[in-house]
Every structure is written in C-alpha cells, then in structure tokens.
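Structural overview for review
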Amino acid sequence: WVWGNLIGGDYPFGGLAEDQSYGNERNYLKARAREEREITTPKRMAPGESLVKSDAISRIRVKRPLLHRALDSGKIDAGVKVSAEIAAELNAPKLQVLSPKEYYEVYLAVSEELQIFGSVIIASARAGRTSVVDLYEKVQYTENVTPRLYLLITIGSALVTTKPILIEEVMSDLLTMCSAVQNPIRGLFLRNYYAQCVKDKLPDGERSREQLETTIGFVLENFTAMNRLWVRLQYDCPPEMNKLRTKQRRELSLLVGSSIMTISKLRGVDLSLYKTFILPQLLDQIVSCKESLAQEYLMECIIQVFPDEHHIGTLQELLAAFSEFEKGVDLRLVIAALTDRLSRFASNSVENCEAVRNARTFDVFATYLPEVVKKFAPFIQRTELLRAYTSFLRLVLAAYPDGMEFVDQVLYFCVTTLQATEGSSITAGEQDKITTITSDEFFEGVCLW
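So, a few notes on the structure that sits alongside this text. Note that the coordinates shown come from a computational prediction; the quantities given were computed from them, not determined experimentally. (Residues numbered from 1 in each chain as written. Predicted model: local features only at pLDDT ≥ 70, side-chain atom pairs only at ≥ 80, totals over all residues. Heavy atoms only, no water.)

1. Side note on helix H5 (residues 100-126)
Given a rise of 1.5 Å per residue, 27 residues ought to cover 39 Å, and the 37 Å separating the end C-alpha atoms of H5 matches this to within 8%. Burial runs high along H5: 24 of the 27 residues are buried. A positive phi of about 80° marks glycine 128, the residue just after H5. (Helix = DSSP H or I, 4+ residues; strand = E, 2+ residues; numbered from the N terminus. Expected span 1.5 Å × (residues − 1). Buried < 20%, exposed > 50% of the residue type's maximum accessible area, 1.4 Å probe, protein only.)

Structure, rendered in structure tokens:
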C-alpha cells in the first residue's frame, strides 16, 4: 500500500488549498507520515540496522522543532539551514548498511519536513514576502551535494508552482544536477523525490504537442537514469549476494515504474503521441538495458498502465520487443499480461470486440508469437510454453467467438512448437504437468465454446 502511494502521488505537497492554515497543513503531514512509518516498519530487522535507522529518524525529530520555529517566525534563511541539515541525513555514511525499506523510512521522515518547508515557501511567495528565484539561486551554495539537490528540488517545485512559465527551464536544470548522485539507492530515491515533486506540475492536453513532448521528454530522461541505476544495483555486489540484491531491487521496482504511470495519466497522451514518441523511447530503454528483471517488470508496467486502445494500436511494436528480451525473462508471464488484458477488453462489449478484430490482432500474434516462443523454447519448460499458448487461446476465443479456424491455428502453433523442443525425452513428472494443463486449462475455453 505504501509503495503504491509512492506511485499514486497522495503526497499533499503543493496541492493544498490556499486558504488552508499552515497549522492544518503541518498536522496533516505529520499524521500521514506517522501512518506510513507504522505500516512500513519491518517485522524482522537486524539490530544494527534498526539502531542506525532509529538514530537517523531521532536526529530528524530533534531538528523538527527548530525548522518549525524558524518557519513560524518567517525566518526562511534559518529554515533553509535546518532543512539542509535534515536532508543531509540521507547522505550519512552509516545509512549504507540499511536495506532499501529501512532507507525508505528515513527518506519519508526527511521528505515530510521538506514538504512542509516547500508549502511555506509557496505561501510566503504568494504573500510577497519571499523571492523564490533568489532562494533557488542561494541554496545552490549548500556545501554537500545530497542536501543541496533535495533543497533545489523542493524550492524548484515551489518556483514552478508560483511561476509555471519556468517549468521547462527548472525541470531541465534539476534533471541535469541529479546526475551528481551516482550511488544507486541514493540516486533512485533522489530522482523519485524529483518525480513526485514535479508530476503535478506537468502540462496536460491544453499545451501544444511540442510543449507536451518536451515535458514528457524530461520524464523519460529521468526514467532512463533511474532504470540504469536500478540495473547497476544488481552488479554492485559480490556474486554471493545476488539473491539478496535481487530481492532489494524488487522492493525498489515501483520507484522506477512510477515514471511510466506518470506519463500514462497525462490527458494529452493520445495514441499518436504514444506510438510515435513515448513507446519507442520506453522500448528502446527496456531492450537496451539487457537485464531480465528490468525487462520483465517494465514491460508489465507498460501493459498495465496504458489504455487498451493504445496496446491494440501498437501490437507489432510490443511483440517485436518481446523477441529481443533476455533469456531470463518470464515470457509466459509477459505474454499472459498482454493477452489477458486484451481478452477482458474484447469481452466488455461488441464494439470492443470489433476494435480488436479490425486491428487484425490474430494476424499480428500469429506472425510474431511463434517466433518469440521459438527463441525462448530452449530456456523454458514445455509447460510454460503451453501456458503461453493457453493465454493466446483465451484471447482468440474472446475476440473471435465464431472463428473455430483460429482455434485450429493456435493448436497447430502449439503442437509445432512442442515438437520442435523435444530434443530430450519427457519425464513422467513433466508428462503429468502437460496432461494437467491440457485438460484443465488449454481446452477449457474450447469446450465452453
């Protein structure tokens, strides 16, 4: 739930009503952060990690009254100094022993205070008491890189809120400076903070396509950098820690996928823009990273967050990308994600079913899917190959309920693929699995038909 909120953007920074009092803002943010920290507290934690995390959060809580006192008295410069000390906790050397979940709790405590700081800056700027431009320039002289960047993002978000005309200049400036942090975990959280602070400032359909492409380009650039840090995290450890690092990367996956969801929520993203500008860049990054976990997760993100109509209009591009995936990708899982979604879409109404047919969906799958399955056949079990064709069959039955000839072709593709992979004898256990799938899954739809 908490990691979902990190994507969903329930943070109130910059979104509170102007007439809401500063005290109410602070109380709301405090209650929300306490709730999130309680939910994310791990049930089991090494004593050393628990102490390091607790110490960091305690130091933040000690500085909290100093920050609030400075803001309440209108001393913005003093607030900047205390905010920098709070943000510096994310760069403390002792935090290197923390897992991503523990580091996330410290990140929440820091971002809570920075959000309060940002909301006060916005209110002060609207009242004419603070020049956000001058403040943005001033914090660039903060000594340490990590607190400097967190302050710049906080104040830059406030600057864009008060002067929307500067959004492109500020987003570009911040994105360039984020490259200064190359530690994978710290870099991911910093870029996530950037994404969360600017996503509600992104233009919608009211802007021209050129302006929309420019802004989306910043989001895609941040996504690319986050994915590279995420993939690099797998290789910045000794071989014996690979399993642990894979688990940690799964915990961090939603940070990377949040950028894809941000783009999908923009009102101006139609099929043309998606097909010609967004999807090619997403697929290029996913394929070029050459890492199975990233390819599998990010492709599922694309399938889940963008509209069904977009997938129908870009089936060739998606299936062509499947053929370039690494052998460690769970092919059946990715294929099922796409076919199951299209199956549900086709089953919703006659119009949807007609749209799937008009896109020649079967012909596209029949062209690409056998080649994709053939490439992955040496690396996956026959049962998984059969399940991949099972998901395809469900789509065929949903979109072509009166087309038995399409069912015959799916069965032919399946039999041909299985015969081509019979380089070794089938064990009794594998035979039982194939028989179970055949009886319980593969022909269930045909019998219903």
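2. With respect to the packing of helix H16 (residues 331-348) against helix H18 (residues 361-376)
Between H16 and H18, the least distance of the axes is 11 Å, while the angle of their chain directions is 160°. As the angle between them shows, H16 and H18 are arranged roughly antiparallel. Seen along the crossing, H16 lies across H18 with a hand that is left-handed. Between H16 and H18, the contacting residues are Leu331, Ile335, Leu338, Thr339 and Leu342 on the first element and Phe365, Leu369, Val372, Val373 and Phe376 on the second. Here the residues of the contact of H16 with H18 are counted per class, giving 9 nonpolar, 1 polar and no charged. (Axes fitted to C-alpha atoms, helices over the stretch in contact; angles between N-to-C directions. Parallel < 35°, antiparallel > 145°, perpendicular 65-115°, else oblique. Left-handed = near helix turned anticlockwise from the far one by under 90°. Contact = heavy atoms within 4.5 Å. Nonpolar A, V, L, I, M, F, W, Y, C, P; charged D, E, K, R; others polar.)

3. Notes on the nonpolar core
Ile216, Ile278 and Ile302 are the most contacted members of the largest nonpolar core, which totals 141 residues. Considering every element that reaches this core, the biggest residue donor is H5, with 14 residues. Residues contacting isoleucine 216, with those up to four places away along its chain left out, are Ile263, Leu266, Val269, Leu273, Phe277 and Ile278. (Core = buried A, V, L, I, M, F, W, Y, C linked by side-chain atoms within 4.5 Å.)

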